[in-house]
Amino acid sequence: MKTQTVLVLDFGGQYKELIARCVRNMSVYSEIRFCETPIEEIKELAPIGIILTGGPNSVYGDSAPTCDKALFELGIPILGICYGMQFTAYSLGGEVVACKESEYGKIKVKVDTTSALFKEIAPEQIALMSHTDRVSKLPKGFKITSSTKNCPVAAMENKEKNIYSVQFHPEVERTEHGKEILHNFVFDICGAVADYSMDDYIENQIKEIREKVGNERVVLGLSGGVDSSVCAALIGKAIGEQLTCIFVDHGMMRKNEGDEIEKEFSTHNINFVRVNAGPRFLAKLEGVADPEKKRKIIGTEFVRVFEEEAKKCGAKFLAQGTIYPDVIESGAKNSANIKSHHNVGGLPKDMGFIGLVEPLRGLFKDEVRVLGRKLGLSVKLVERQPFPGPGLAVRIIGDITEAKLVILKEADSIFCMEVEKLPLAKRPHQYFAVLTGMRSVGVMGDCRTYDYTIAVRAVTTTDFMTAEYAPLPHKLLGRVSSRIANEVNGASRVVYDITGKPPATIEWE
Ligand code: XMP
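Residues numbered from 1 in each chain as written. Predicted model: local features only at pLDDT ≥ 70, side-chain atom pairs only at ≥ 80, totals over all residues. Heavy atoms only, no water.

Focus: the site of the ligand
Rule in force here: By convention in these notes, a residue is near a molecule or strand provided one of its non-hydrogen atoms lies within 4 Å of it. Side-chain atoms alone can form a polar contact between residues adjacent in sequence; in general such a contact is a pair of N or O atoms within 3.5 Å, and within protein one must be able to donate a hydrogen while the other accepts it. Here the open area of atoms and residues is found with the Shrake-Rupley method and a 1.4 Å probe, where only the protein chains shown may cover a residue. Only Asp, Glu, Lys and Arg are considered charged, only Ala, Val, Leu, Ile, Met, Phe, Trp, Tyr, Cys and Pro nonpolar, and every remaining residue, Gly among them, polar.
For the ligand, the set of nearby residues contains 12 residues, the closest of which are Arg295, Gln430, Lys501, Ile506 and Glu507. Contact distances for the ligand include 2.7 Å between an oxygen atom and a side-chain N or O atom of Gln430. Between the ligand and Lys501 there is a distance of 2.7 Å, counted from an oxygen atom to a side-chain nitrogen or oxygen. Coverage of the ligand by the protein amounts to 75% of the 490 Å² it exposes when considered alone. Grouping the amino acids of the shell around the ligand by side-chain chemistry returns 5 nonpolar, 4 polar and 3 charged.

Observations concerning the sheet that holds strand β8 (residues 155–158)
What counts is decided by this rule: At least two DSSP bridges between two strands are required for those strands to pair. Helical segments are the DSSP runs of H or I of at least four residues, strand segments are the runs of E of at least two, and each set is numbered from the N terminus. Only C-alpha atoms enter the line fits that serve as axes; for helices the fit covers just the stretch in contact. Angles between N-to-C directions range over 0 to 180 degrees.
Pairing within the open sheet is mixed, and its 9 strands lie in the order β2-β1-β3-β4-β9-β8-β7-β5-β6. The sheet is open, and its two edges are formed by β2 (29–34) and β6 (124–137), each paired on a single side. Adjacent strand axes in the sheet meet at a mean angle of 20° when their direction is disregarded. Bridge count for strand β1 (residues 5–10) against β2 is 6 bridges, and the pairing is parallel.

Here we look at the packing of aromatic side chains
As a reminder of what qualifies: Each pair of aromatic rings taken from Phe, Tyr and Trp, with Trp reduced to its six-membered ring, is defined by centres within 6.5 Å and is described as stacked if the planes are under 30 degrees apart, edge-to-face if over 60, and tilted in the remaining cases. Only protein chains enter the accessibility calculation, which uses a 1.4 Å probe. A residue is then buried if its area is under 20% of the maximum for its type, exposed if over 50%, and partly exposed in between.
Counting across every chain of the model gives 12 aromatic pairs. Seen from their ring centres, Phe11 and Tyr83 are 5.5 Å apart, and the 45° between their planes marks the pair as tilted. Here Phe11 is found in the loop between β1 and α1 (16–25), whereas its partner Tyr83 is found in helix α3 (residues 83–91), with 72 residues between them in sequence. Judged by relative accessible area, which is 1%, Tyr83 ranks as buried. Pairing Phe72 with Phe87 gives two aromatic rings, centres 6.3 Å apart and planes at 35°, and the pair type is tilted.

Looking at the environment of Phe168
Cut-off, in case you're wondering: Whether two residues are in contact is decided by their heavy atoms, any of which lying within 4.5 Å being enough.
Examined against the element boundaries, Phe168 turns out to sit in the loop between β9 (163–166) and α4 (178–189). Through-space distance from the C-alpha of Phe168 to that of Ile81 is 6.8 Å; in sequence the pair is 87 residues apart. If we skip the residues at most four places from it in the chain, Phe168 touches Ile81, Cys82, Val109, Phe118, Ala127, Leu128, Met129, Ser146, Ala154, Thr175 and Ile181.

As for the domain arrangement of the protein
Often the size quoted for an interface is simply the accessible area lost on bringing the parts together. What counts, and what does not: Domain limits in this description derive from either an automatic procedure or a database domain assignment. Accessible area, probed at 1.4 Å, shrinks when two parts are joined; the buried area is that loss added up over both. Think of a salt bridge as a Lys or Arg side-chain nitrogen and an Asp or Glu carboxyl oxygen that are within 4 Å of each other.
Each domain of the protein was delimited in the assignment, giving domain 1 (5–189), domain 2 (198–382) and domain 3 (398–497). Counting residues at the interface gives 11 residues for domain 2, matched by 9 residues for domain 3. Note on domain 2 versus domain 3: buried area summed over both sides is about 930 Å², and carbon and sulfur give 61% of it. The largest share of the area that domain 2 buries against domain 3 comes from Lys255, Leu282 and Lys294, three residues that together contribute 47% of it. Remark: the boundary between domain 2 and domain 3 carries 1 salt bridge. The interface formed by domain 2 and domain 3 contains 2 residue pairs in polar contact (both at pLDDT 80 or more). Of the residues in the side of domain 2 that touches domain 3, the class split is 6 nonpolar, 2 polar and 3 charged.

Set out below in structure tokens:
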């Protein structure tokens, strides 16, 4: 059974994901599509409501985003937010002007509580406004339902046509009754029945996967990361032994990581193949110091191993743990192109797959984590921090050797162990050690040493696109330094990387 969908049309606003999340939190499925999605595609989706997001443009700007105006004639309830409201007004014959005074921040708004949108909501509330344009003339058939001191039209509606708009942002916490406003739109105006839950999601996906693959075999490149692990558990639940998960251990995983991944998946009802390809990768990487060359060699070798294994089991479908932000970031719409991810990057077409299985394609990371827990994956696995596909190869500056890998694995394990003594809420979002290519003079006992310098890095971030260095307590750093210098053969100095991203990146290579 298809669940109801509230469609969020993206006009470039920074809160679009929040809107979809808010709706999903009300147990109604919501997904985001680009504003220019063809009307035929929208009709096919048959949403019960459409939300037009905000955006940084002016409707009069040269590059103003737009959507098919036929949208307003579909009879589907529409809620325009910020730019979405200005676009609605402009498209339907109203006017938009620049504000004399831009409104930014928390503003007092008055709302008409006889409007279905503001039903049972206090007539005055604080809302987040962030705009330089405003609606100055209503389109025909619309009436004003909210205003602020500087914005006479802070909300408008055409009840007959089921078109509603707000200049402020109901999706953010800073708008006092924002959630109730969205609730009113979704339930009272769109008539949603709250038919979406993770349990249904699992059931629906299981059904869809079974229908899609029939009796064929499916292979999944399992890296041990959250997305591919949850994907494996879900597809495994759907088709059991028809799925083969291929975990390519390239020898540059963290200490004990390969064994932990194997242990976790040996308890699930799936075929799990671990390919210990460490020596093969190290041989290819011998003497290579350039970061890009290292990445390319690892990517290519990964594909080769994966290709060999896939052929062995005669799989017709390729499964991927693609999640919604991947889809958005890659700019892809519904295309089934294989993205350049480390574990399937550039898979050759001649591998002969007839289709892709991507059951997480509509989910956000935190939803994937919830799903993982529901599928019985361990908390440790579900809450894992990101780990780059090329692994420790991009955390060893210069060429890679067995000896350097041993030093880094030990140092990293000590650092992680110490950071993990912090309560969960105080832990940085990503933390790891780097083996810098630099050696320095030290003194141990009465002897001179000339060993490697280890850098430790810890960052806080929400999206990993930008990051701040985490100000870890000095005591903790002191303990880490002393433990690494004393316990790790070959490391004699520890430094703390205090650079943000930008200008640095999170990984050193
Ligand atoms: P950077 O270093 O670009 O990293 O600031 C941002 C985030 O991405 C992770 N990362 C990777 N993940 N394959 C991955 O799956 C890769 O090749 C890769 N390189 C970096 C990195 O750990 C950080 O979380």
